Amino acid sequence: HVVDHDAVPAACFTHPEISMVGPTEEQAIERAEKEGWTLGKSMGSFRANSKALAEGEGNGMAKVLFNKDTGKVVAVHIIGLHAADLIQECANAV
């Protein structure tokens, strides 16, 4: 059994919470250039998350890095309410 270390999530239990899975954006850019694929990036604000707004925590954000050629999720970075909980589902995509 081989462990894919890119798929192991991490979190910082600060306020706001910070979580990540996969490489940093800089590492993903380098990997895409080296392997010859195009890196895509999608960012979303917690202002669009009704739960975060209900709890007065609408200042968070999530960033998804992906391979534009295949659609494969490469990394996810989250800052905001329950980021440590949310990253678990994202790790399944990586």
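Above: the structure in question.
All values derive from a computational prediction rather than experimental measurement. (Residues numbered from 1 in each chain as written. Predicted model: local features only at pLDDT ≥ 70, side-chain atom pairs only at ≥ 80, totals over all residues. Heavy atoms only, no water.)

A closer look at the side chain of Glu17
Put simply, the test is: Only DSSP runs of H or I reaching four residues or more are called helices, and only runs of E reaching two or more are called strands; each is numbered from the N terminus. Remark: exposure states derive from per-residue accessible area (1.4 Å probe, protein chains only) relative to the maximum for the residue type, with buried under 20%, exposed over 50%, and partly exposed in between. Counting rule applied: Lys, Arg positive; Asp, Glu negative; His and chain ends not counted. By definition here, a salt bridge exists when the distance from a side-chain nitrogen of Lys or Arg to a carboxyl oxygen of Asp or Glu is within 4 Å. Counted as a polar contact is a pair of N or O atoms within 3.5 Å, where, for protein atoms, one must be capable of donating a hydrogen and the other of accepting one, and residues adjacent in sequence contribute only when both atoms are in side chains. Throughout, a residue-residue contact means that at least one pair of heavy atoms, one from each residue, lies within 4.5 Å.
With respect to the helices and strands, Glu17 occurs in the loop between β1 (10–12) and β2 (18–21). Of the side chains with opposite charge, Lys51 comes closest to the buried, unpaired Glu17, at an N-O distance of 10 Å. Of note is the side chain of Glu17, whose polar atom sits 2.9 Å from the backbone nitrogen of Ala84. When residues no more than four places from it in sequence are discounted, the contact partners of Glu17 are Cys12, Ile78, Ile79, Gly80, His82, Ala83, Ala84 and Asp85.

Observations concerning the sheet that holds β1
The test is simple: Here the rule is simple: two strands pair whenever DSSP picks up at least two bridges between them. Only the stretch in contact is used when a helix axis is fitted, and all axes are lines through C-alpha atoms; the angle between N-to-C directions ranges over 0 to 180 degrees.
Ordered by their spatial adjacency, five strands build an open sheet running β1-β2-β5-β4-β3, and the pairing between neighbours is antiparallel. Edge positions in the sheet fall to β1 and β3 (39–45), since each of these pairs with one other strand and no more. Across this sheet, the average inter-strand angle for adjacent strands is 10 degrees, counted without regard to direction. Packing of helix α1 (residues 25–35) onto the sheet brings it into contact with β3, β4 (61–67) and β5 (73–79), and relative to β3 it is tilted by some 155 degrees. Across the sheet, helix α3 (residues 83–93) touches β1, β2 and β5, and the angle it forms with β2 is around 10 degrees.

Observations concerning the pattern of salt bridges
Considering all chains together, one arrives at three salt bridges under this definition. Between Lys41 and Glu25 there is a salt bridge, with the nearest N and O atoms lying 3.1 Å from each other. Within this pair, whereas Lys41 is found in strand β3, its partner Glu25 is found in helix α1, the two being separated by 16 residues in sequence. Using a relative accessible area of 46% as the deciding quantity, one classes Lys41 as partly exposed. The class of Glu25 is buried, set by a relative accessible area of 19%. For Glu25, the salt bridge identified is with Lys63, shortest N-O distance 2.8 Å.

In short, the description is geometric, and any link to function would need to be established separately.
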